[in-house]
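The chain contents come next:
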Amino acid sequence: MLNRPSLMLSRNGSFRAENLGQNALAMIGNLCFTLFVVGVLVFTIIAATYQPEDPLFHPSSKITTFLTSDSNATFKTDIAVVKTGEDFVASNQTAFDTFINITDVDSAVVSTEPEEVEAASEARDCRIDDPINCRDPDVFHLLMRSAIEKFKEHHFYRFGKPVRGNNDSSCHMAWRFRPKEGKAAAFYKDYRSFTVVRSENCTLSVAGIGDYHSGGNARKRRGRRGKNREKDREGFEKVPAKLEDNPIALPEVGETVNDALPTVESESSFSQGKYLLYSGGGDRCKSMNQYLWSFMCMLGEAQYLNRTLVMDLSMCLSKIYTSSGQDEEGKDFRFYFDFEHLMDSASVLEQKQFWSEWSKWQKKDGLSLHLVEDFRVTPMKLADVKDTLVMRKFGSVEPDNYWYRVCEGETESVIERPWKMVWKSRRLLDIASAIAARMNWDFDAVHVERGEKASNKELWPNLDRDTSPEALLSTLNYKIEDGRNLYIATNEPDTSFFDPLKDKYSTHFLDEYKDLWDSNSDWYAEMTKLNNGNPVEFDGYMRISVDTEVFLRGKKQIETFNDLTKDCKDGVNTCTSAS
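Attention in this report is confined to the structure presented alongside it. (Residues numbered from 1 in each chain as written. Predicted model: local features only at pLDDT ≥ 70, side-chain atom pairs only at ≥ 80, totals over all residues. Heavy atoms only, no water.)

**A short note on the overall build of the protein chain**
Part 1 of the argument: The secondary structure content of the protein chain amounts to 19 helices and 17 strands.
Part 2 of the argument: Relative to its full complement of 579 residues, the protein chain shows a buried share of 46%.
Part 3 of the argument: Sequence-distant contacts, at least 24 apart, represent 67% of the contacts inside the protein chain between residues at least 6 apart. (Helix = DSSP H or I, 4+ residues; strand = E, 2+ residues; numbered from the N terminus. Buried < 20%, exposed > 50% of the residue type's maximum accessible area, 1.4 Å probe, protein only. Contact = heavy atoms within 4.5 Å.)

Structure representation (structure tokens):
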């Protein structure tokens, strides 16, 4: 028995002398791996719990230094500034989740410089009927607090400095915001009128806040900017927005619009330029979707060739959008799209102006023309052309005369359609934002497409039934709470069709807001001026644009072909996995 352990050890080769080195190495390896795992765990815990210092939670002296810093703001870290005559901005404007809270404004008041506090105290020796000094920091803070407290559905990112309003007790102030909920991707601007009253002890208070865009004196007036301008004055990139049919990006809403045509600086600048022009073609009077698809091909080729695009601003509106039921000439690109942003983003020149300059300098400066009459001549083959003007001339045979044919085939992988260069008209977007503001930005939206599709049972066998009032009530019952504001974007001409929904929801339609584009509206006045004194009809495509934009501003968005029916948007057997 005494020899049994030694016998057992001798049978186990792992403890033999020749194996001791290997065992030691294995133990050291295991120990090192264990230490590595422990280190990773400690680092992970520290990274997950560490919070960088926030200057807003520093002592008041540090807050003062932070808020009154004169250092230049950058795109990545645009600092908050609370100083007489300057704006109040969120500390990091590149993140949507960084916005101004009421506590930030209160902190700014606490951190005011001592001499400013003394000046404010001296200002309290006042009379009740003294005019309100809208530039006073105390007034600025009061207006900011009032706006944040009233508009609880908003996240505020910047407050502009207040200015005098329409009378001695009125101040106008602008701000940048986004709705707290919903899928809207753009920043919006509002500017409102504040009625400020002074009590007997000189305490100031806000007695009322005006309607959307009622503070016109605070609206920024923008001058012309060149192609290679800097980012907008606050350092923001524009955020692409999802659109139902075309991926056109959204501009920042709420600024004045400059529709002035680009100017030719001199003879030498014109003669030294290189140009691209599309002439003729079958895209005219077609749907706006086809026009945009072709226009983007043309713009993409101009970008690829590094040439100035010569474009015809006149448009023919397809009969599918007109009240007359006929194609209508005489429309203007600027009615529907943001021409100012296009000029800022790309090198473009209006066609009539181009030909005027061409006729002046062609012979004198030896300007040359390269004519292309076959869409199969690819942009790649034109890259080395030295002539002043490359003109593509399209014939009369459809579909070979469609502009978008240039970007088919091998060109498709080379030419990128620059969608971010084309935005919807700011005037139309302002109407959409005004509608959202009247619902306090607190509404849900449903898109109900009916019209000809609902009548065509062969291509859309279920659409008529699935968009009936009864079916809508059943579907929306599980998606939208009772009593909510419900905006219905629809092509159904008779809105009384949706009356059964009024028992559960507060329904709203585009035509409820006709005052935003009638003869007394700002839109009407600005469009008439743009159209050389001739009134402009709020046509079918404008209605679609505004309807879509209001829909996109809803907190919940219910779509026809994704949520209401299993029918395919383009008819039977056309559904894709993406839809």
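**Re the packing of helix α13 (residues 426-438) against helix α17 (residues 522-530)**
Part 1 of the argument: The geometry of α13 relative to α17 is characterised by a closest axis approach of 11 Å and an angle of 175° between their N-to-C directions. The pairing of α13 with α17 is recorded here as roughly antiparallel in orientation. For the pair α13 and α17, the contacting residues are Arg 427, Leu 428 and Ile 431 in the first and Trp 523, Glu 526, Met 527 and Leu 530 in the second. (Axes fitted to C-alpha atoms, helices over the stretch in contact; angles between N-to-C directions. Parallel < 35°, antiparallel > 145°, perpendicular 65-115°, else oblique.)

**With respect to the packing of aromatic side chains**
Part 1 of the argument: Counted according to the given criterion, the structure contains 34 aromatic pairs.
Part 2 of the argument: On the numbers, 5.8 Å between centres and 40° between planes, the contact of Phe 151 with Trp 175 is tilted. Within this pair, whereas Phe 151 is found in the loop between α6 (137-150) and β2 (154-159), its partner Trp 175 is found in strand β4 (residues 170-179), the two being separated by 24 residues in sequence. Per residue, the accessibility class of Phe 151 equals that of Trp 175, and both read buried.
Part 3 of the argument: On the numbers, 5.7 Å between centres and 35° between planes, the contact of Phe 498 with Phe 509 is tilted. With Phe 498 in the loop between β15 (485-490) and β16 (506-508) and Phe 509 in the loop between β16 and α17, the pair connects residues that are 11 residues apart, well separated along the chain. The exposure classification of Phe 498 matches that of Phe 509, with both residues buried.
Part 4 of the argument: Three or more aromatic residues joined by ring pairs form one cluster here, namely Tyr 291, Phe 295, Tyr 321, Phe 333, Phe 335, Tyr 336, Phe 337, Phe 339 and Tyr 541.
Part 5 of the argument: Between the NZ or CZ atom of Arg 176 and the centre of the ring of Phe 187, over which it lies, the distance is 5.3 Å.
Part 6 of the argument: Between the NZ or CZ atom of Arg 417 and the centre of the ring of Trp 293, over which it lies, the distance is 3.5 Å. (Phe/Tyr/Trp six-rings, centres within 6.5 Å; stacked < 30°, edge-to-face > 60°. Lys NZ or Arg CZ within 6 Å of the ring centre and 35° of its normal.)

**Comments concerning the state of the cysteines**
Part 1 of the argument: For the structure on display, the rule yields 4 disulfides.
Part 2 of the argument: Between Cys 134 and Cys 171 runs a disulfide, and the two sulfur atoms are separated by 2.0 Å. Disulfide Cys 134-Cys 171: the torsion about the S-S bond is -90°, which places it as left-handed. Taken as a pair, Cys 134 in the loop between α5 (114-123) and α6 and Cys 171 in strand β4 lie far apart in primary sequence, 37 residues in all.
Part 3 of the argument: Residue Cys 171 is classed as buried on the basis of its relative accessible area, which comes to 0%.
Part 4 of the argument: Cys 568 shares a disulfide with Cys 575; S-S distance 1.8 Å. Here Cys 568 and Cys 575 share a disulfide; its torsion about the S-S bond, -115°, makes the bridge left-handed.
Part 5 of the argument: Residue classification places Cys 568 among the buried residues on the basis of a relative accessible area of 11%.
Part 6 of the argument: For Cys 575, a relative accessible area of 41% translates into the label partly exposed. (Disulfide = S-S within 2.5 Å.)

**Overview of helix α16 (residues 469-476)**
Part 1 of the argument: Regarding α16, the residues found buried are Pro 469, Ala 471, Leu 472 and Leu 476. All buried residues of α16 project into a common sector of 160° when viewed along the axis, lining one side.
Part 2 of the argument: On its buried face, α16 sits against β14 (444-448), α15 (463-466), β15, β17 (557-558) and α19 (560-564). (Arc of directions from axis to C-beta.)

**Notes on the pattern of salt bridges**
Part 1 of the argument: Counted under the stated rule, the structure contains 33 salt bridges.
Part 2 of the argument: We note a salt bridge from Arg 450 to Glu 492, for which the minimum N-O separation is 3.0 Å. Residue Arg 450 is found in the loop between β14 and α14 (451-455), and its partner Glu 492 is found in the loop between β15 and β16; the two are separated by 42 residues along the sequence. (Salt bridge = Lys/Arg side-chain N within 4 Å of Asp/Glu carboxyl O.)

**Let's talk about the sheet that holds strand β7 (residues 275-280)**
Part 1 of the argument: Here we have 5 strands laid out as an open sheet, ordered β11-β8-β7-β13-β12, and parallel in their pairing. The sheet terminates laterally at β11 (348-350) and β12 (369-372), the two strands that pair on one side only. For this sheet, the mean angle separating the axes of adjacent strands, direction not counted, is 25°.
Part 2 of the argument: Bridge count between β7 and strand β8 (residues 308-311): 3 bridges; the pairing is parallel. In the sheet register, Leu 276 faces β8, and the bridge partner there is Leu 309.
Part 3 of the argument: Together, β7, β8 and β13 (389-394) form the strand contacts of helix α8 (residues 288-305), whose direction differs from that of β7 by roughly 155°.
Part 4 of the argument: Its contacts with the sheet put helix α11 (residues 351-365) on β7, β8, β11, β12 and β13, and the angle it makes with β11 is roughly 85°. (Pairing = 2+ DSSP bridges.)

**Section: a nonpolar patch on the surface**
Part 1 of the argument: On the surface, a cluster of nonpolar side chains totalling about 490 Å² of accessible area is made up of Phe 33, Phe 36, Val 37, Val 40 and Leu 41.
Part 2 of the argument: Along the chain, Leu 41 falls in helix α2 (residues 20-49). (Patch = residues over 30% accessible without salt bridge, like charges linked within 9 Å, V, L, I, M, F, W, Y side chains within 5 Å. Areas by Shrake-Rupley, 256 points an atom, 1.4 Å probe, with all protein chains shown as cover.)

**Brief notes about the sheet that holds β16**
Part 1 of the argument: Ordered by their spatial adjacency, 4 strands build an open sheet running β16-β15-β14-β17, and the pairing between neighbours is parallel. Every other strand in the sheet has two partners, leaving β16 and β17 as the edge strands with one partner each.
Part 2 of the argument: Where β14 lies against β17, 2 bridges are found, and the strand directions are parallel. Across the sheet, residue Val 446 finds its bridge partner in β17, namely Ile 558.
Part 3 of the argument: Lying over the sheet, helix α18 (residues 540-552) contacts β14, β15 and β17, oriented at roughly 145° with respect to β15.

**Some details on the packing of α13 against α18**
Part 1 of the argument: At a closest axis distance of 9 Å, the pairing of α13 and α18 adopts a crossing angle of 45°. The orientation of α13 with respect to α18, classified from their angle, is oblique. Pair α13 / α18 crosses with right-handed handedness. Contacts between α13 and α18 involve Leu 428, Leu 429, Ile 431, Ala 432 and Ile 435 on the former and, on the latter, Met 542, Ser 545, Val 546, Glu 549 and Val 550.
Part 2 of the argument: When its residues are assigned to classes, the contact of α13 with α18 shows 8 nonpolar, 1 polar and 1 charged. (Left-handed = near helix turned anticlockwise from the far one by under 90°. Nonpolar A, V, L, I, M, F, W, Y, C, P; charged D, E, K, R; others polar.)

**A look at unusual backbone geometry**
Note: most peptide bonds trans; most residues except glycine with negative phi.
Part 1 of the argument: In the segment running from Glu 398 into Pro 399, the intervening peptide bond is cis, with an omega of 0°.
Part 2 of the argument: With respect to the helices and strands, Pro 399 occurs in the loop between β13 and α13.
Part 3 of the argument: Although it is not a glycine, Trp 441 adopts a positive phi angle of roughly 55°.
Part 4 of the argument: Overall, Trp 441 belongs to the buried group, its relative accessible area being 2%.

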